[in-house]
Amino acid sequence: MLASKLVPYFPAERYAISFFTSEAEFLLFAGGQKQQLDCLILEQNPALLSLAARLREQDILLPAVIIKGPVEANTPEGSFSSPTSSQAVADNIPPCFYHRAEVMVGCDKLGEITDFLHHALTEFLNLSPNGDLIPPSKDTPDNERTSQHYLMQQQHRLSEKLRERLGYLGVYYKRNPQGFIRNLAPADKQQLLAILKDEYREIVLNYFLDEQFLNQKIDNFVNIVFFADVPVTNIVEIHMDLMDEFSKQLKLEGRSEEILLDYRLTLIDTIAHLCEMYRRSIPRDS
């Protein structure tokens, strides 16, 4: 069994692992624990196509390592794997079927599995919400926006965990220039800015209401800005555009615009969070 071969490579004091042979049992577990899971390790076989679709439909977006190679013929009934040749598997599985950050590993490389796991984490943090996600089978604009939102949430959660774990610090500081806003196609750039505007609007609307919620929202926003290398000028433009919208609405309602001056604190607070993110990202001299 693949799981028994992998266990020795994951020290119990550093890793908590769970393994499943039933798709239904796995999906139930992943759905309930998706905010705690760091990475999926899956065995390549044709059943993964439907599994990946189910994961995307449930907005379970996680780093993934795919083990490719011969599938054991004595797999229990109802499990992910089926007795088939590795060539047949390769013919039926597209190179990217879950998301474009999945990492493929040969069975002869299991001794290096933790290195591949770290690589999968790095690739996942570099995923762009604009174009790198494989859409769910029921593809609508709302579903696409929801998937992008969950990706950003997961990237933020993982980056925070990586920052806290000494062994993962090197992963946390890697950014993919291909995901930088200046390198995106015009349509992808506009989509990213639209997502940032939606996120910033939530920050503004809740700025004086719920401090805990606010800090989480600002961290999520800053995380997107950091990994996309968005200039501060774009943040200022988003802020000013929103203030202009709110000003017009207040005028229509016959209310004073002076309240908008208080939201200068929102902009200052957000930029301060971003500055702290960059400060932490500079590797310390040894």
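Relevant structure appears above.
Just so it is clear, the structure is predicted and the values come from calculations on it, not from any experiment. (Residues numbered from 1 in each chain as written. Predicted model: local features only at pLDDT ≥ 70, side-chain atom pairs only at ≥ 80, totals over all residues. Heavy atoms only, no water.)

Undergrad: Before we go on, may I ask you to explain the overall build of the protein in this structure?
TA: Summing up its helical and strand segments, the protein has 11 helices and three strands in all. When the helices and strands of the protein are listed from N to C terminus, the series reads α-α-β-α-β-α-β-α-α-α-α-α-α-α. Contacts in the protein between residues far apart in sequence, at least 24 positions, make up 78% of those at least 6 positions apart. Only carbon and sulfur atoms are counted for the fraction: they give 52% of the accessible area of the protein, which is about 15,200 Å². (Helix = DSSP H or I, 4+ residues; strand = E, 2+ residues; numbered from the N terminus. Contact = heavy atoms within 4.5 Å. Areas by Shrake-Rupley, 256 points an atom, 1.4 Å probe, with all protein chains shown as cover.)

Undergrad: Sorry, what's going on with the pattern of salt bridges here?
TA: Any two side chains of opposite charge can pair, given that their charged atoms come close. In this structure the tally under the stated criterion is eight salt bridges. Of the charged contacts, one joins Lys251 and Glu257 as a salt bridge, the two residues approaching to 3.8 Å between their closest N and O atoms. Since its relative accessible area comes to 34%, Glu257 is described here as partly exposed. (Salt bridge = Lys/Arg side-chain N within 4 Å of Asp/Glu carboxyl O. Buried < 20%, exposed > 50% of the residue type's maximum accessible area, 1.4 Å probe, protein only.)

Undergrad: Any chance you could explain the pairing of strand E1 (residues 40-43) here in plain terms?
TA: Looking down a regular strand, the side chains alternate between one sheet face and the other. The side-chain alternation of E1 yields one buried face, formed by Leu40 and Leu42, and one unburied face, formed by Ile41 and Glu43. Across four bridges, the pairing between E1 and strand E2 (residues 64-68) is parallel. By the bridge assignment for E2, Leu40 is matched with Ala64. The handedness of the E1 to E2 crossover, carried by helix H3 (residues 47-57), is right-handed. (Pairing = 2+ DSSP bridges. Right-handed = clockwise from strand over helix to strand, strands pointing away.)

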